[in-house]
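# Summary of the model geometry
So the chains spell out like this:
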Amino acid sequence: MASNLPYAADAESPLKPEELQVLRSQYESEGEHVGIQTQFNFAWGLIKSNTRPDQQEGVRLLSEIFKNAPERRRECLYYLALGNYKLGNYAEARRYNDLLVDKEPQNLQASSLRSLIDDKVAQEGLMGVAILSGVAIAAGVVGSLIFRSIGKKR
């Protein structure tokens, strides 16, 4: 099944402030009876944002759609994965992305996003190992200095 969802790189280019404001104004003008499409469009614009609070709000809005509109779940999966990826919630991003891949194994956007998630997890995993190694080395140095100090006092 061909998909018209953008590649993950598309989320890295935020909307212009005036474009996001158009989506925000439409969303706010509909009040408590906001339409699913309006909510989705606004959430999409928020996820594309470079600001964390906007991205968090976008994920929150998409989560509401996912929960309340079963007919839109497939469409939400990709953007929930993308939003969580941008927020650094890689486990959540992978979970949503895997659900989409299960439904659409040939989805190129989901495959692209899976690669980005895996690369980021590997990169942060290596960084975590480096940090833990540095802490272990520092603890070893401090420990040896303490033992030397104790040994000299005897």
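Look a little higher up for the structure.
The structure reproduced in this document is the subject of the present report. Being a predicted model, the structure only gives us computed values, none of them experimental.

### Focus on the environment of E57
- Within the secondary structure, E57 is located in helix 3 (residues 52–68).
- Taking relative accessible area as the criterion, E57 reaches 27% and is therefore assigned partly exposed.
- For E57 and L46, which are 11 residues apart along the polypeptide, the C-alpha to C-alpha distance reads 6.9 Å.
- Looking at E57, its side chain comes within polar contact range of the side chain of R60, at 2.7 Å.

### As for the side chain of E104
- Note on placement: E104 falls in the loop between helix 5 (90–103) and helix 6 (108–153).
- The exposure class assigned to E104 is buried, which follows from its relative accessible area of 6%.
- Reaching out from E104, the side chain makes a polar contact with the side chain of R74 at a distance of 2.3 Å.

### Comments concerning the pattern of salt bridges
- What the rule picks out here adds up to seven salt bridges.
- One salt bridge connects E75 with R72, and the closest N-O pair in it is separated by 2.5 Å.
- Ionic pairing is found between R94 and D118, a salt bridge with its closest N-O pair at 2.5 Å. One end of the pair, R94, is in helix 5; the other, D118, is in helix 6, with 24 residues separating them in the sequence.
- Take R94: its relative accessible area is 32%, and that puts it in the partly exposed class.
- The network of salt bridges with common partners includes E57, R60 and E64.

Procedures and definitions
Residues numbered from 1 in each chain as written. Predicted model: local features only at pLDDT ≥ 70, side-chain atom pairs only at ≥ 80, totals over all residues. Heavy atoms only, no water. Helix = DSSP H or I, 4+ residues; strand = E, 2+ residues; numbered from the N terminus. Buried < 20%, exposed > 50% of the residue type's maximum accessible area, 1.4 Å probe, protein only. Polar contact = N/O pair within 3.5 Å; in protein donor to acceptor, adjacent residues only side chain to side chain. Salt bridge = Lys/Arg side-chain N within 4 Å of Asp/Glu carboxyl O.

All we've got here are geometric facts, nothing functional implied.
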